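Single-letter residue listing:
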Amino acid sequence: MSSVMELKGLRKRYEEKGDWILKGIDLRIEKQDFIAIMGRSGCGKTTLLKTLGLIESATEGEYFFEGNAVSGLWGSEIADIRRRNMGFIFQDYNLMGSLTVRENIMLPALLDKMDEQQRKDRTEKLIQRFGIQAYRDKYPHEMSGGQQQRVALCRALINDPDVILGDEPTGNLDSVMGQQVIETLAEFNETDGKTVILVTHDPKIAMYCRKVIFMKDGHLLDCLERRDAEKETFYREIAAKMEEL
Amino acid sequence: MSNEKKNLQQNPSRYFRVLTAVLFLADVVLAPWLREGNRSFSVRVFIHGVKAAGGIEKFALTEAGKGNTEGIANLTMNYWCIYLIIFLGAVLLLRAAWLLAGRKERFLSGAAYALGLLYLCAFMIFNYYGYSGGMIVGMLLVFLDAMLGKYLDERQALREAEAALRAKEQAEKEEKKRREAFPGRYGSEFYRVIFKNFRANIRDFLLFLVGAVLTMTVLLVIWGMEQGCGGIRLLGASALQQQIASSLKQLLPVFMLLAVLMLSLIISGYLRTRMKNYSMYIALGIRNKTLIRIIGLEYGTCILTALAGGILLGLATLKIIGVPIAGNLLRMLPPAVLCYLLVVLISTLVNYHIFEFKNVLRYNRSSANEPVPRYGAGVMMGIGLFVMLGSLGLFARRGSGEDLYILGGLIAGFGLFLYGAATRILKKRVDRLQVTETGLLTILPWRNRFRTNVRFLFLLTALQIMLFGIFLPRLAAQGIPPEKTAPYDYVAMVYDSDLPDLQGLKKEGTLQELPMLRATTPLGADISRLKKDYRTVLWPQGQHIAVSESSYRKLCRQAGKTPQKLNLSADGHRVHIVMQQNAASEAHNLEWYSGGGGNLFRLGQPLVAYDRNQVTRTYIPHDATYERTNLVGALHAGNQENILVLSDSYFRSVYSQKRQARDPSVSIPPSAVKEGPDQLVLIRVKTGQNKAVESVLKKIQKRHSSDLQYDESIRTWYGVAKAEKNNEAAADFARRMEEMTAVGLLLMVLFTFCIRYSLAGAEQRKEYRLLGTLGMNDREQEKLFNREARTYVLCSMGAALVLSAPFAALLPFLRMFRRSQSLLYLRNLLGLGGGTMAVLLLVLTVLTRYYRRVNR
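What this report covers is the structure whose coordinates are included nearby.

Cut-offs used in this document
Residues numbered from 1 in each chain as written. Chains lettered and ligands numbered in written order. Predicted model: local features only at pLDDT ≥ 70, side-chain atom pairs only at ≥ 80, totals over all residues. Heavy atoms only, no water. Contact = heavy atoms within 4.5 Å. Buried area = accessible area lost by both parts, 1.4 Å probe. Salt bridge = Lys/Arg side-chain N within 4 Å of Asp/Glu carboxyl O. Polar contact = N/O pair within 3.5 Å; in protein donor to acceptor, adjacent residues only side chain to side chain. Helix = DSSP H or I, 4+ residues; strand = E, 2+ residues; numbered from the N terminus. Nonpolar A, V, L, I, M, F, W, Y, C, P; charged D, E, K, R; others polar. Buried < 20%, exposed > 50% of the residue type's maximum accessible area, 1.4 Å probe, protein only. Pairing = 2+ DSSP bridges. Right-handed = clockwise from strand over helix to strand, strands pointing away. Phe/Tyr/Trp six-rings, centres within 6.5 Å; stacked < 30°, edge-to-face > 60°. Lys NZ or Arg CZ within 6 Å of the ring centre and 35° of its normal. Axes fitted to C-alpha atoms, helices over the stretch in contact; angles between N-to-C directions. Parallel < 35°, antiparallel > 145°, perpendicular 65-115°, else oblique. Left-handed = near helix turned anticlockwise from the far one by under 90°.

**Focus on the interface of chain A and chain B**
Often, the extent of an interface is quoted as the loss of accessible area on bringing the components together. Chain A puts 31 residues into the contact, and the matching count from chain B is 28 residues. Carbon and sulfur atoms make up 60% of the surface buried where chain A meets chain B, a total of about 2800 Å² over both sides. For the chain A face of the interface with chain B, the top three residues by lost area are Trp74, Leu111 and Lys113 of chain A, together amounting to 25%. Between chain A and chain B we count four salt bridges in total. Where Glu103 of chain A meets Lys196 of chain B, a salt bridge forms, and the shortest distance between an N and an O atom there is 2.8 Å. Here chain A is connected to chain B by twelve residue pairs in polar contact (both at pLDDT 80 or more). For the side of chain A that touches chain B, the secondary structure elements donating two or more residues are α2 (75-84) and α3 (101-111) of chain A. Counting residues per element, the side of chain A that touches chain B draws most heavily on α2 of chain A, at seven residues. A breakdown of the residues in the side of chain A that touches chain B according to their chemical character gives 13 nonpolar, five polar and 13 charged.

**A look at the pairing of strand β8 (residues 195-199) of chain A**
Residues and elements named next belong to chain A. The element β8 is largely enclosed, with a buried count of five among its five residues. In β8, alternate side chains face the same way, and those of Thr195, Ile197 and Val199 on one face and Val196 and Leu198 on the other are all buried. Judged from the four bridges that link them, strand β3 (residues 34-39) and β8 form a sheet pairing that is parallel. Looking at β8, one finds that Phe34 is bridged to Val196. One ladder, built from five bridges, connects strand β7 (residues 163-167) with β8; its direction is parallel. Opposite Asp167, over in β8, you have Val199 as the bridge partner. In this fold, β7 hands off to helix α6 (residues 175-191), which returns the chain to β8; that crossover is right-handed.

**Examining the packing of aromatic side chains**
Enumeration over the complete set of coordinates arrives at 31 aromatic pairs over all chains. The ring centre of Phe182 of chain B lies 4.0 Å from the NZ or CZ of Lys113 of chain A, which sits over that ring. Taking NZ or CZ as reference, Lys113 of chain A lies 4.9 Å from the ring centre of Tyr186 of chain B, over its face.

**Thoughts on the pattern of salt bridges**
For side chains bearing opposite charge, pairing can occur when the charged atoms are close. For the structure on display, the rule yields 42 salt bridges over all chains. The residue Asp33 of chain A makes a salt bridge to Lys211 of chain A at a minimum N-O spacing of 3.2 Å. With Asp33 of chain A in the loop between β2 (22-30) and β3 and Lys211 of chain A in strand β9 (residues 211-216), this residue pair connects regions lying 178 residues apart in the sequence. With a relative accessible area of 10%, Asp33 of chain A lands in the buried category. Exposure remark for Lys211 of chain A: the relative accessible area of 16% places this residue in the buried category. Salt-bridge contacts for Lys699 of chain B lead to Asp501 of chain B; the nearest nitrogen and oxygen are separated by 3.8 Å. Residue Lys699 of chain B is located in helix α22 (residues 690-703), and its partner Asp501 of chain B is located in helix α17 (residues 499-503); the two are separated by 198 residues in the primary sequence. Judged by relative accessible area, which is 48%, Lys699 of chain B ranks as partly exposed. Here Asp501 of chain B falls in the partly exposed class, since its relative accessible area comes to 24%. Each of Asp80, Arg83, Arg84 and Asp112 of chain A together with Arg287 of chain B takes part in salt bridges that share partners, so that together they form one network.

**Some points on the packing of helix α8 (residues 188-200) of chain B against helix α11 (residues 288-321) of chain B**
Residue and element names in this part refer to chain B. Where α8 meets α11, the closest approach of the two axes is 12 Å, and the angle between their N-to-C directions is 50°. In this view, α8 runs oblique relative to α11, as classed from their interaxial angle. As α8 packs across α11, the resulting crossing turns out to be right-handed. Side by side, α8 and α11 meet where Phe190, Ile194 and Phe198 of the first sit next to Thr290, Ile294, Glu298 and Cys302 of the second. Residues of the contact of α8 with α11, tallied by class, amount to five nonpolar, one polar and one charged.

**Structural notes on the sheet that holds strand β4 (residues 490-494) of chain B**
Residues and elements named next belong to chain B. Strand order in the open sheet made by the four strands is β5-β12-β4-β13, with antiparallel pairing throughout. Two strands in the sheet have a free side with no partner beyond their single neighbour: β5 (509-515) and β13 (717-719). Taken pair by pair, the neighbouring strands of this sheet meet at an average axis angle of 15°, ignoring direction. Note that β4 and β13 share three bridges and pair antiparallel. Each residue of the ladder has a partner; that of Tyr490, found in β13, is Gly719. Strands in contact with helix α19 (residues 549-558) are β5 and β12 (679-685); relative to β5, the strand with the most contacts, it is inclined by about 150°. The sheet contacts of helix α24 (residues 720-759) involve β4 and β13, and relative to β13 the element is tilted by about 75°.

Just distances and angles here, no functional claims.
This is the structure in structure tokens:
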């Protein structure tokens, strides 16, 4: 299988003389992977996710996206990748309060200069798929957290990206809503062939993934693969690993 | 065909080298190559001759003669060297064929040049026969082949390199175009959504709009009033016009500085809010160019809307005030707009490059903290203190003229001092702080938003410094009644030759003649040059009236004043200056060219020109004592027509000299016969005789109209009543301007307070919500809010009062108040200051209550 993302010796810090957040990450993500990144608070998982999502740039090391070195790409190309090839879901949804649900969903499509009809069709399709028809013209503050997260999911998927990145997408949701969200992501992975990368601290969410990567202090420690194991078994393995950390 | 081969074929040196080969061969075969006496013969002929003789030995014996061994040897070598030429020709021919075949020929060219050089050397050694034209041509051809051929090669190489570079650039351009291509257009839906987001956040822009509208309005009013008075250049201006222009000239830069501070504060708040939205666009994959366009559109819309609003409001204000707009619009609008754009630009740059260092094009989810600086507190405090004390010192100099620019120095110094002091204080408090202390909550806003809070405090204080230090004291001084008017109806400065006309006026009233001299300051130069070159003369100052000490005493007694005891020097260096102005007028220097303290003046006419690098040679510095009173009439409110008192002996010594001739060492206007008027004539008129007196004075003025061409502000005569009416109007205007400015400053203080709490609203609401969640009750929250607001209000007011006090205290000294006037001034000041403080505190308390409710 071809790799979608590959990191080689990736290091990252925010300030010139600051502490290193990521301290030499080597990681290969294949197409249609379903990965969870886990670790204690402050281990660098969100930074890793943002670097993968091209929201942050690496300080040292190389990052290859679909075989192309990101360091050789121009700003506009990186923006194009972020817009077309990736969909980002945030923990606090990050919807624009001044826009309706429909407008929030189609915002990435508008930025991509998508044809009007195609944009409308896709928006409608996603709204139907996620069952938020009743909230089409509502504003985010008029909806619950779970509904908002579904809108965020729609927004992330409007441009039909190959990769979906989620930063604690179920963090602000109750267990039922959280489960719905993760099941939807699993469905996108299996049915639509999307590569899904999540950051989570919850083993109950991570157990849906096929791979779980553990981080500590900016390093990748270990990787667990589900293979044919049952989710419950995988959950126990993950929980045990988290205990060790 | 390979590129190399193609390049070779296109190289012109190739054809050149083929040509030289052909020409060389033709030269060798056909041209006479050698010479003996009158005979010239070609190579072919030489070889044929040798063959015919049966070989070179026999030929040489025949030619050179038996026994001529040297000749025989030379001739033999001559013969064999000819074969070098033939060989050279063959090499060139081969090379030509090689070139035509598209091959490189470096080796062959090298061989040919070597052969040529060898032949030349050999010929120089063994030269039985001399050279002929053919040989010269042949050698020249070889030389040219080498030099010109090389030049052509190098030129070709350069051209190829250039073409390759161009091709590379073109390829890069096309690659860039391809990689940056983003075909299609943003539909109307895109703009609608962006605009919807913009509109929904209009509250963030509202403060910016209001601030910018106010800025533009005030700038337009200032420029409108300035143009309405005929421009800053006061040619023939009345006292009123001078007052207006002087006030406006000083107000403009001060206002612009405050506007920059205010707008930069607002813009930083607006940016912080908008960056959350911009970060979201970036995360969704917007291109930088698109984002820049969106930011530009939003920002540009606000600036242009504010510009339009400010213009309308400004024009309306000018209309209400009564300033003529039509005819002045083109003169007032462009400079006002330029000043506005400059203020906006500086405020924006202040945020982007000095205080924020944020790249709005990078993803930035959370607003970064503004930490307390680590270094430099002591240095900043030291520099700030030095600048403040320096400003105070400058202001205290007699001759500073109450210059508002000095105040700018004070405010700048205070800014530095505040920054350093706040850093020091916070560091100390943070170090001492225990985690459980409630003081932590008071410190937190400063610890996390240091720069913003310092800027806010600085702006609040700066405005109050201006209010309490300058404009309230000026208003307090306005309350001092004007001096008793001079006991004359007319004051004229005439020549001896005019006296006969004036004698006729004795029946209309009483006349008093006092000898006088015209005194001019460095800036009283020829006005005609001003029209050609504005750099020559800046501020014509007209004339001052120099009199003797005896005349001074007479004038004092007549005006009902007690003359001062003077200590004037016989050499004229120490003089006494009577500033003829009211206590309500700004303190004026005699001249400001040297900063005012030098008292530079010259007895005589204004000059056409003088060497500005040696001004003190022409305009002599004097030591002076001062007095402020009205002896003949406060005709220009202290700007000119002040009285310079010289010692009797000195006055006498220069008086006759100045009456007779012009000073040959300086260039006074050609039409000036001598150095100015001779007599100060003071006229008291019987009732109803004014017209008669004025008609005579006008006649005299016309006679000396050439005097006025030097400086239109020079007057031959004054109707004292009319002049004083003009001064009253000027004073009245000044008072209204100062009232307006004081009110404006008061409003700006309140507005700044509102800006602070409006911008911090969202953050404060979040914080207080969290505090409530953590268990802090309403009462405690109110106390915390009040404490913070009180800190700002009291610290700024306290600092402003402390810094303003010296300036307010200096005013009576600068304006030379008498004791009774000082007491009146103090009473007015305390009343005004107390009242203003009360109003400020009251309104700020109300605002605090409002924001306490809204921001919690």
